Amino acid sequence: RACSGARALHAAHRKTVARRWVTAQALIMLDTHHFPETTPFEYEFVELLAKGGFRGLLLLDDIHLNGEMKRFWAWFTEKRAPGSYSTKDATPVGHVSGTGWVDFSTNRPAGGGGVDFST
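Quick notes on the rules
Residues numbered from 1 in each chain as written. Predicted model: local features only at pLDDT ≥ 70, side-chain atom pairs only at ≥ 80, totals over all residues. Heavy atoms only, no water. Helix = DSSP H or I, 4+ residues; strand = E, 2+ residues; numbered from the N terminus. Buried < 20%, exposed > 50% of the residue type's maximum accessible area, 1.4 Å probe, protein only. Contact = heavy atoms within 4.5 Å. Areas by Shrake-Rupley, 256 points an atom, 1.4 Å probe, with all protein chains shown as cover. Lys, Arg positive; Asp, Glu negative; His and termini not counted. Salt bridge = Lys/Arg side-chain N within 4 Å of Asp/Glu carboxyl O. Polar contact = N/O pair within 3.5 Å; in protein donor to acceptor, adjacent residues only side chain to side chain. Phe/Tyr/Trp six-rings, centres within 6.5 Å; stacked < 30°, edge-to-face > 60°. Core = buried A, V, L, I, M, F, W, Y, C linked by side-chain atoms within 4.5 Å. Pairing = 2+ DSSP bridges. pLDDT = per-residue confidence, 0-100.

**Quick word on the overall build of the chain**
Counting its regular elements, the chain contains three helices and four strands. The order of helices and strands in the chain, counted from the N terminus, is α-β-α-β-α-β-β. Relative to its 119 residues, the chain shows a buried fraction of 36%. Counting contacts in the chain only where the partners sit at least 6 residues apart, residues at least 24 apart contribute 66% of the total. Split by element, the accessible area of the chain, about 7,200 Å² in all, is 60% carbon and sulfur.

**Structural notes on the side chain of D103**
Within the secondary structure layout, D103 lies in strand β4 (residues 99-103). Nearest to the buried, unbridged D103 among oppositely charged side chains is R55, at 8.3 Å. At 2.8 Å, the side chain of D103 forms a polar contact with the backbone nitrogen of S105. Residues contacting D103, with those up to four places away along its chain left out, are G56, L57, Y85 and S86.

**Notes on the packing of aromatic side chains**
For the coordinates displayed, the defined rule picks out 10 aromatic pairs. Aromatic side chains Y43 and F72 sit 5.0 Å apart centroid to centroid with 90° between the ring planes, which places their arrangement in the edge-to-face category. In this pair, Y43 is assigned in helix α2 (residues 41-51) and F72 in helix α3 (residues 67-79), connecting sequence segments 29 residues apart. Ring geometry for F72 and F76: centres 5.3 Å apart, planes at 70°, overall edge-to-face. Highlighted residues: F72 and F76, both in helix α3, separated by four residues, approximately one helical turn.

**Quick look at the nonpolar core**
Counting residues in each nonpolar core, the largest one holds 19 residues, and the members touching the most others are L58, L60, F76, V102 and F104. Those elements giving two or more residues to this core turn out to be β1 (27-30), α2, β2 (57-61) and α3. In terms of residue count, α3 provides more of this core than any other element does, five residues in total. Non-local contacts of F104, meaning those with residues more than four positions away in its chain, are made with V46, A50, F54, R55, G56, L58, F76, S84 and Y85.

**Here's the deal with the pairing of β4**
The buried fraction of β4 is high, at four of five residues. Where β2 lies against β4, five bridges are found, and the strand directions are antiparallel. By the bridge assignment, D61 is partnered in β4 with T99. Examined bridge by bridge, strand β3 (residues 86-89) and β4 share four bridges and lie antiparallel to one another. Bridge pairing in β4 places K88 opposite W101.

**What to know about the confidence of the model for the chain**
The predicted structure's coordinates, where accompanied by low pLDDT, should not be read in detail. Considering every residue of the chain, the mean pLDDT works out to 80; 74% of them sit at 70 or more. Across residues 111-119 the pLDDT falls below 50, and counting only partners more than four positions away or on other chains, this stretch makes 16 contacts in the model.

As structure tokens, this is what we get:
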């Protein structure tokens, strides 16, 4: 039993280290499942970035690929809170199925404003 507790502690530590490493990056390119409602990784990842204090650029691929991605991009532009991030549809100079740019440089993590991710 002590061994399983140590493994759980080690796994939690690895998650913390990975989260800190990811949120410290200047640019992140997110190109994943493209079904953020069916497989909600995209929403969870963005929440991790915002709450973790990410202050870089997030580049999203295929924001116009399908209905789920269109709603995901609309969610970004509609849920924006003052001082949290800015968005830009960069499709004209990006990927034919859509490229979105999200600038978190003004992100204020938990307790300091930002986006309400509860809905």
